[in-house]
Amino acid sequence: MLDATFYDLLMEASNAISQAMTEARAKSGEAAEPRPPILALRAGLAESPGWYLVQAAEFAPEPLTVEKLRVRDVYASERLAAAVLEIMASEGWLDRADDGAYALTEAGWAVLHRSRERVRRLLASVEMLPEADLAFLLSAFERIIQASLASPTPPGNWCLEHSRNRAPADDAPALVKLLHYFDDFNAFRDDAHMAAWQPLEPSGAAWEAFALVCSGEATSLEQVYHQLARRGNSRHEYAAALASLARRGWLAIASQPATYQVTEAGRTVRGQVERLTDSYFYAPWSHLTEEEIARVHGLLLQMQAGMQEMSKSSA
């Protein structure tokens, strides 16, 4: 049960809460609040003002730097990270120091506080689960997160610790806490996955390109670049990344113009990394009994089914 599909279910349950907020606002007739235009820039992507604002809250009171951002967002180019930070500074949300560090300003904090209050207000009218089930999930997730924070290295808990820096207060509404626990799981999954593949020493761009080829989503440089251009790396950089993977024997060049296929050695490496990722990520779940894990699984499925029903009714 505890495999990659279970993690996907966690993320789908998180999406269900977000969709429920959207539905609640639509039913209330409340108009969407005007948002600063730069929040629409690359909205939904990791390399965006919206996500970097969240990261700023995770690092506060320490300032942001390109280097800190790329510990977790290791797939993005330094150029793009720096450009997004400069845009945020030009908006007055960040204050850039001469050493390249960016501190949150009062204006930046105000945007964050308005976003948090909007989420809290919308969640107040959302009912995802019966109260007893919701209380069980919160208790189970708290135990897992605390165990994850005590994880040895590897995998470590760098991403998770920073995610917890912006955790809701103890007296926050239950759904607000639950939504953040899903963010915590996403952060610790990043800790686990990076701990699994980074000792092999490919670049972030190479590992992400390798994953695309392994999944069959890309077989050529152009396909890789098209799908990953959002990361800010150039065609030349992805060409070099693919060439490095071929030199390792993980990819084979099938023809000219070059198409790439994963080799048996590459499949073995990929499989080992995915198994190690799951091993790291799910180790803290040993603090739950099998019956408790089964109940968590059932409640996540219930949340997923509720999201699907909402999608049907709004179609």
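For the structure itself, consult the block above.
From a predicted model like this one, the values you see are computed outputs, not experimental measurements.

Asks: Would you take a moment to explain the nonpolar core for this structure?
Replies: Looking at soluble globular proteins, one finds that nonpolar side chains tend to be buried together. Ranked by internal contacts, the top residues of the largest apolar core, which has 74 residues, are Leu10, Phe141, Leu178, Phe182, Phe185, Trp285 and Val296. Among the elements that take part in this core, helix 8 (residues 174-197) stands out by supplying 14 residues, more than any other. In contact with Val296, other than residues within four places in its own chain, are Phe6, Phe136, Leu137, Ala140, Phe141, Trp285 and Leu288. If you look at the next biggest cluster of nonpolar residues, it comprises 21 residues, including Ala56, Leu80, Met88 and Tyr102.

Asks: I tried to follow the side chain of Ser77 on my own but got confused; where do I start?
Replies: Position of Ser77 among the secondary structure elements: in the loop between helix 3 (66-72) and helix 4 (78-90). Residue classification places Ser77 among the buried positions, given a relative accessible area of 4%. Looking at Ser77, its side chain comes within polar contact range of the main-chain nitrogen of Leu80, at 3.1 Å. Aside from chain neighbours lying at most four places away, what touches Ser77 is Arg70, Arg231, Gly232 and Asn233.

Asks: In this structure, what is going on with the pattern of salt bridges? I would like to understand it.
Replies: A side chain of one charge can pair with a side chain of the opposite charge if their charged atoms are brought near each other. Under the criterion given, the structure shown has 19 salt bridges. Among the ionic pairs, Arg166 bridges to Glu58, the shortest N-O distance being 2.8 Å. With a gap of 108 residues between them, Arg166 in the loop between helix 7 (158-164) and helix 8 and Glu58 in helix 2 (residues 49-59) connect regions that are remote in the sequence. Comparing Arg166 with Glu58 shows no difference in burial state: the two are buried.

Asks: I'm lost on the environment of His180 in this one. Help?
Replies: Here His180 lies in helix 8. What makes His180 buried here is its relative accessible area of 5%. Separated by 105 residues in sequence, His180 and Tyr75 place their C-alpha atoms 24 Å apart. Once residues lying within four places of it in the same chain are set aside, the contact partners of His180 are Ser163, Arg164, Arg166, Ala167 and Pro168.

Asks: Sorry, what's going on with the packing of aromatic side chains here?
Replies: In this description, an aromatic ring pair is defined by two values, namely the gap between the centres and the angle between the planes. Taken as a whole and judged by the stated rule, the model has 17 aromatic pairs. Ring centres of Phe141 and Phe182 lie 5.7 Å apart, and the angle between their planes is 70 degrees; this geometry places the pair in the edge-to-face category. Of this pair, Phe141 sits in helix 6 (residues 131-149) while Phe182 is found in helix 8, placing the two residues 41 residues apart along the sequence. Taken as a pair, Phe141 and Phe182 share a single burial class, namely buried.

Definitions and cut-offs
Residues numbered from 1 in each chain as written. Predicted model: local features only at pLDDT ≥ 70, side-chain atom pairs only at ≥ 80, totals over all residues. Heavy atoms only, no water. Core = buried A, V, L, I, M, F, W, Y, C linked by side-chain atoms within 4.5 Å. Buried < 20%, exposed > 50% of the residue type's maximum accessible area, 1.4 Å probe, protein only. Helix = DSSP H or I, 4+ residues; strand = E, 2+ residues; numbered from the N terminus. Contact = heavy atoms within 4.5 Å. Polar contact = N/O pair within 3.5 Å; in protein donor to acceptor, adjacent residues only side chain to side chain. Salt bridge = Lys/Arg side-chain N within 4 Å of Asp/Glu carboxyl O. Phe/Tyr/Trp six-rings, centres within 6.5 Å; stacked < 30°, edge-to-face > 60°.

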